[in-house]
Amino acid sequence: MLSVLVLHGPNLNLLGQREPGIYGRVTLDAINRSLEQEGQALQVKVSTLQSNHEGALVDAIHDAQGHHQGILINAGAYTHTSVALRDAIAAVNLPTVEVHLSNIYRREEFRHHSFIAPVAVGQISGFGPDSYRLGLHALVHHLQQLAAT
């Protein structure tokens, strides 16, 4: 059975109350439950982790080797600042899909750059909580294509 690690970065623990005009009212727990249910339908094990600490996210990426076949990540603000996350993803060489609730390209200029995008299979943004579901489907499809070759 395929296994996917879902990583949520800083401040995503506040979903549902944090800037609802941008991020909506859906909580992180609800997103995680939805991903676990979607994983069951896709016959994929989904493990989730949220941290406000860059090093904890780096450690989780390192620990994914040998346990997960892919990573779905919303690195939050670290998307735009963290070379460490970028390097960790490149180092473990696990297919990774970057997701964002909001369309980062319609927001402040500093959010238009992603350190993660160049080492990711792809990026999905702007669809609210559906960004995660779409990202999971895209990642699973990619992993299945790899397995078929």
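Preceding this section is the structure that the text describes.
Residues numbered from 1 in each chain as written. Predicted model: local features only at pLDDT ≥ 70, side-chain atom pairs only at ≥ 80, totals over all residues. Heavy atoms only, no water.

Asker: Is there a simple way to think about the sheet that holds strand S4 (residues 96-100) in this case?
Answerer: The strand order across the open sheet formed by five strands is S2-S1-S3-S4-S5, and the pairing between neighbours is parallel. The outermost strands of the open sheet, each flanked by one partner alone, are strand S2 (44-50) and strand S5 (122-125). Strand-to-strand twist of the sheet, defined as the mean angle between neighbouring strand axes without regard to direction, takes the value 20 degrees. Note that strand S1 (residues 2-8) and S2 share seven bridges and pair parallel. Following the sheet pairing, Ser3 is matched in S2 by Lys45. Where helix H3 (residues 54-64) meets the sheet, its contacts fall on S1, S2 and strand S3 (70-74), and the angle it forms with S1 comes to roughly 175 degrees. (Pairing = 2+ DSSP bridges. Helix = DSSP H or I, 4+ residues; strand = E, 2+ residues; numbered from the N terminus. Axes fitted to C-alpha atoms, helices over the stretch in contact; angles between N-to-C directions. Contact = heavy atoms within 4.5 Å.)

Asker: Whenever I open this one, the pattern of salt bridges confuses me. Can you help?
Answerer: Opposite charge on two side chains permits them to pair, given that their charged atoms come into close proximity. Under the criterion given, the structure shown has three salt bridges. In this structure, the salt-bridge partner of Asp87 is Arg86, at a minimum N-O distance of 3.2 Å. The partly exposed category is assigned to Asp87, whose relative accessible area is 40%. In this structure, the salt-bridge partner of Asp130 is Arg133, at a minimum N-O distance of 3.6 Å. Of this pair, Asp130 and Arg133 both sit in helix H5 (residues 130-148), three residues apart, roughly one helical turn. (Salt bridge = Lys/Arg side-chain N within 4 Å of Asp/Glu carboxyl O. Buried < 20%, exposed > 50% of the residue type's maximum accessible area, 1.4 Å probe, protein only.)

Asker: In this structure, what is going on with the packing of H3 against helix H4 (residues 83-92)? I would like to understand it.
Answerer: Angle between the axes and distance between the axes: these two values describe a pair of packed helices. Contact geometry of H3 with H4 gives a least axis separation of 9 Å together with a crossing angle of 5 degrees. By the criterion of interaxial angle, the relationship of H3 to H4 is roughly parallel. Note on element contacts: H4 touches H3 through Ala84, Leu85, Ala88, Ile89 and Val92, opposite Glu54, Leu57, Val58, Ile61 and His62. By residue class, the composition of the contact of H3 with H4 is eight nonpolar, one polar and one charged. (Parallel < 35°, antiparallel > 145°, perpendicular 65-115°, else oblique. Nonpolar A, V, L, I, M, F, W, Y, C, P; charged D, E, K, R; others polar.)

Asker: Honestly, the environment of Leu14 in this entry has me stumped. Any pointers?
Answerer: Along the polypeptide, Leu14 turns up in the loop between S1 and helix H1 (20-23). Residues Leu14 and Gln123, spaced 109 residues apart in sequence, show a C-alpha to C-alpha distance of 22 Å.

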